[in-house]
Every structure is written in C-alpha cells, then in structure tokens.
Amino acid sequence: MYHFKKLIKKLRIFLTFLIILIIFTAYFSNESFFSSENSIRLDIKEELKIDRKNLSKPNIPIEQINKTIDIINSSANSTQTLNSNNHLSLCPLIPPNLGARIGIDYTNHTLTELETLVVKNQTDLELGGKWKPKECKSRNKVALIVPYRERLTNLLLFLNHMHPFLKKQQIEYGIYLVEPVENITFNRGLLMNIGYAEALADNKAWECFVFHDVDLLPEDERNIYSCPETPRHMSSAVSTLKYKLPYAAIFGGVTEFTKEQFEKINGFSNLFFGWGGEDDDLRARVIKKGYTVSRYPLEIGRYTMAKHGRDNHNKPNPKRYALLKTSGKRVDIDGIRSLNYKIKQIVKNQLFTKIIVSYDQDKITNSTKFK
C-alpha cells in the first residue's frame, strides 16, 4: 500500500510537469508567431521608406513600383478596422484600388451641368470644392492652389478630372482658384502666395499645398498628392514636352510642399509680373534653404497639357533673367511674408472656392528693397 501511494505521488508530479511543459511550449510558440508578424510589419515599413526615397529616381522599373504598392496595400488593408472607441482608423498609406493610366474626358459641359454631374457621383462633396473620406481618417489634408483667368474650358476639364482623381486617393482636399481682376498683369507666383494665405485663412488644418496650373491633368492614378518629405515636382513628364524633362532643374507646372517647407522658403517671389521665371526662382529658394527636389518616376508623373489661348495680360516678362540673378538675396524679404493685395470677392460653389483679388504692380515692385 505504501508503494502504491508513492507511485501515485510520482505520477501526479510527472503529469504536473507535463502540463507545465505543454503550456510553456504553446506560449513561446505563439510569441514566435507574433514576433514573425511584427517583423513582417517592420519589413513593410522599411520597404515603404525605401520606396519613398527611390520614387525620385526616374529609372525604377514600373514592375517594382507596382509590386511595392501591392505589398503595402495588402498590409494596410489587413489592418483597416475601427478601434474600440468607434473612431475611424487611418486610411492606408497607399490607397487601395488604384489603377494606372487614366484617360481625359473631353466632354463639353457648362459649369452648372458639371456641378450636377460631379455632385451626383460624389454626393458628400462639401461647399467650396472640399471633400474628405468617410470610410477612414485621411493621412493628408491638402489644398490645391490654382491661378486662373479666362480659361473656362480648361477649368471645366480640370474640375471634371481632378475631383474623382483626388477622391480615389482618400485624401482630404480643397480646390482654391485665385483670379486677378481684369486689366492687371498676371503674376503666377503672387497668385500662388495669395492662394496659400487665403486657403489657410479658410481652414487652418491644411497641412500640404499643391500649386497647380489649370491646364495640367494627371494621367496616372499612382501620382499620389500626399504630403512630400521634400518639395516635390509632380509634373515631371508633360505631353507637350514629349513626356521628358526638358532640363534637370525644371520646377514648374505642378509642385507640392508641406506648410513647414513653404514657410521656410518664404513661398514664391511676388516680383515676376508676366510669363516666366517664377518657377526657376522657386527652385532656387528650395535649394537655398537646404532642400532637395523629389519626383515620381516619369512613368507616373505624366500630365496632359490641355490646349489654351494666350492671355494678353501675361506676356513674357522681360525682367525675368535679371530677377533670377538676385534670387538668393531676395528669398527672406520677397514672398509670403511681404504680401500686398486686396480681396474683391470670394465665391464658393460645390466644385471650388474662387478668390478674386487685385494688386498694385508698382507698389509691390518698389516695396522690395535688397542689397
């Protein structure tokens, strides 16, 4: 009897040890699984980090870009859930369901017809041409600044194209047109600066700003208007330039900055009245303040330039080359910190906010003193 009790005791000890061993093994097996998952997440983050750096190189194989986007989307979609407080989770880093090349719809519409059409397909579009996703919290709040005058056909094409294009990217955005009154010389840089200031006055939450010509229409859905790590030249391949960079330092058409970047370079110059020079001056400011210019690969940064007529108040600026020689001297005293203009009217409809302004060319030119 004594030996039997002793055997039972040993058996209990053995079973206890066996149970502990099983629990111990199962626990660390799960830890290994979770560690593996975490390492996959880190790999994806690193891949995204590398991808952002490499997007400025035009010779990346398009297959590699597509593969990276697919990997990031797969990860982002797997974590796209609501949290316990019923708040929206962040939208994916790379929007899902993006295609590649998209066509341009040249159907003629009146502004009223277009407004009805766009709102029908985008029922949650807010007054003033603003929109944000409802299914997730946007990672980017982006204001588009568009200098404009007497190009209604271009404007209708632009609005019809850009609203569905931006919506698919799941960014919170607003479109601001800045129009000078009649009979004053067009000044693209000054109008961009005014648009920046008035967009912030309208909504202080804007984080990034796309400075966009009205005649340029993106052709690729992967050309994402997200906040850039460095100032970004978006329109790297334009149809009228045979989808090639005419020169490496080009920085016109469509550019994007964060608020911090644009403030640091003091925005555009206000002195380029008439056509030409303000974009080269802008790039000089970017370099002067220690930034580099990034670009998407040429396969992605493709734009169609819509046809348009000449503006009689936007003739080539004969002083542009002389002004470019003083870019470095003017950067801190000529820009958004020295704006001088008057608002004549602000018009809001469903597709855009229009800011009509006036300015005095002589007063602006004479007020900028530098050694």
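Given the structure is predicted, the values throughout are model-derived calculations rather than measurements.

Scoring rules and cut-offs
- Residues numbered from 1 in each chain as written.
- Predicted model: local features only at pLDDT ≥ 70, side-chain atom pairs only at ≥ 80, totals over all residues.
- Heavy atoms only, no water.
- Salt bridge = Lys/Arg side-chain N within 4 Å of Asp/Glu carboxyl O.
- Helix = DSSP H or I, 4+ residues; strand = E, 2+ residues; numbered from the N terminus.
- Buried < 20%, exposed > 50% of the residue type's maximum accessible area, 1.4 Å probe, protein only.
- Arc of directions from axis to C-beta.
- Contact = heavy atoms within 4.5 Å.
- Polar contact = N/O pair within 3.5 Å; in protein donor to acceptor, adjacent residues only side chain to side chain.
- Core = buried A, V, L, I, M, F, W, Y, C linked by side-chain atoms within 4.5 Å.
- Pairing = 2+ DSSP bridges.
- Disulfide = S-S within 2.5 Å.
- Axes fitted to C-alpha atoms, helices over the stretch in contact; angles between N-to-C directions.
- Parallel < 35°, antiparallel > 145°, perpendicular 65-115°, else oblique.
- Nonpolar A, V, L, I, M, F, W, Y, C, P; charged D, E, K, R; others polar.

Caption draft 1: Spatial organisation of the pattern of salt bridges. Taken as a whole, this structure holds 18 salt bridges when the rule is applied. Where Asp 202 meets Lys 130, a salt bridge forms, and the shortest distance between an N and an O atom there is 2.5 Å. Of this pair, Asp 202 sits in helix H5 (residues 188-202) while Lys 130 sits in strand S1 (residues 130-131); the two residues are 72 residues apart in sequence, bridging distant segments of the chain. Its relative accessible area of 29% is what places Asp 202 among the partly exposed residues. Three or more residues joined by partner-sharing salt bridges are found here, namely Asp 281, Arg 285, Arg 330 and Asp 334.

Caption draft 2: Up close: helix H7 (residues 278-288). Within H7, burial applies to Glu 278, Asp 279, Asp 281, Leu 282, Arg 285 and Val 286. Down the axis, H7 shows its buried residues gathered within 160 degrees of arc, on one side only. At its buried positions, H7 is contacted by H5, strand S8 (254-258), helix H8 (320-324) and helix H9 (327-330). Just downstream of H7, Gly 290 is the residue with a positive phi angle, here 90 degrees.

Caption draft 3: Here's a closer look at the side chain of Glu 219. For Glu 219, the position within the fold is in the loop between strand S5 (216-218) and strand S6 (232-233). On the basis of relative accessible area, Glu 219 is assigned to the buried category, the value being 8%. A polar contact is formed between the side chain of Glu 219 and the side chain of Tyr 243, at a distance of 2.6 Å. If we ignore the near neighbours within four places in the chain, the residues touching Glu 219 are Ala 100, Arg 101, Ile 102, Tyr 243, Arg 302, Tyr 303 and Thr 304.

Caption draft 4: Here's a closer look at the nonpolar core. Among the nonpolar cores identified, the biggest contains 39 residues, and Leu 144, Phe 158, Leu 159, Leu 166, Ile 175 and Tyr 225 are the most heavily contacted of them. Elements with a contribution of two residues or more to this core: helix H3 (111-121), strand S2 (141-147), helix H4 (152-168), strand S3 (172-180), strand S4 (208-212) and S5. Take this core: its biggest share by element is 8 residues, from H4. If near-sequence neighbours (up to four positions away) are discounted, Ile 175 is found in contact with Gly 128, Gly 129, Leu 144, Phe 158, Leu 159, His 163, Leu 351, Phe 352 and Thr 353.

Caption draft 5: Geometry of the pairing of strand S10 (residues 302-305). For S5 and S10, the ladder comprises 3 bridges, and the chain directions are antiparallel. Opposite Leu 216, over in S10, you have Met 305 as the bridge partner. As paired strands, strand S7 (residues 237-238) and S10 are joined by 2 bridges and run parallel to one another. Along S10, the bridge assignment pairs Val 238 with Tyr 303.

Caption draft 6: Summary view of unusual backbone geometry. Non-glycine residue Gln 170 carries a positive phi angle of around 60 degrees. Looking at the element boundaries, Gln 170 is found in the loop between H4 and S3. Here the phi dihedral of Tyr 243 falls at roughly 60 degrees; this positive angle occurs in a residue that is not glycine. Tracing the backbone shows Tyr 243 in the loop between S7 and S8.

Caption draft 7: Summary view of the state of the cysteines. Tallied over the entire structure, the rule returns 2 disulfides. Each disulfide pairs two cysteine sulfurs, and for Cys 91 the partner residue is Cys 136, the sulfurs being separated by 1.9 Å. With the S-S dihedral at roughly 90 degrees, the linkage between Cys 91 and Cys 136 falls on the right-handed side. Remark: Cys 136 occurs in the loop between S1 and S2 and Cys 91 occurs in the loop between helix H2 (62-78) and H3; sequence separation between them is 45 residues. Summarising the burial analysis for this pair, Cys 91 and Cys 136 share the class buried. With a sulfur-sulfur separation of 1.8 Å, Cys 208 is cross-linked through a disulfide to Cys 227. Between Cys 208 and Cys 227, the S-S dihedral sits near 115 degrees, and the bridge is therefore right-handed. Highlighted residues: Cys 208 in strand S4 and Cys 227 in the loop between S5 and S6, separated in sequence by 19 residues. Residue Cys 208 is classed as buried on the basis of its relative accessible area, which comes to 1%.

Caption draft 8: Looking closely at the sheet that holds S5. Across the sheet, 3 strands lie side by side as S5-S10-S7; this open sheet has mixed pairing. What marks the edges here is a single partner per strand, and that holds for S5 and S7.

Caption draft 9: Structural detail: the packing of H3 against H4. In contact at an axis separation of 10 Å, H3 and H4 are set at 10 degrees when each is read in the N-to-C sense. Classified by the angle between their axes, H3 and H4 sit roughly parallel to one another. Across the interface between the two elements, Leu 111, Leu 114, Leu 117, Val 118 and Asn 121 of H3 pack against Leu 156, Leu 159, Asn 160, His 163 and Lys 167 of H4. The class makeup of the residues in the contact of H3 with H4 is 6 nonpolar, 3 polar and 1 charged.

Caption draft 10: How the structure looks around the side chain of Glu 256. Inspection of the secondary structure assignment puts Glu 256 in strand S8. Leaving out residues up to four positions away in the same chain, Glu 256 has contacts with Val 142, Cys 208, Phe 209, Val 210, Tyr 225, Ser 226, Cys 227, Pro 228, Pro 231, Arg 232 and Met 234.

Caption draft 11: Representation of the environment of Asp 280 in the model. With respect to the element layout, Asp 280 can be found in helix H7. Its relative accessible area of 27% is what places Asp 280 among the partly exposed residues. Counting along the chain gives 28 residues from Asp 280 to Gly 252, while the straight-line C-alpha distance between them is 7.5 Å. With near-sequence residues (within four places) excluded, Asp 280 lies in contact with Tyr 247 and Leu 324.

Purely geometric numbers; function is a separate question.
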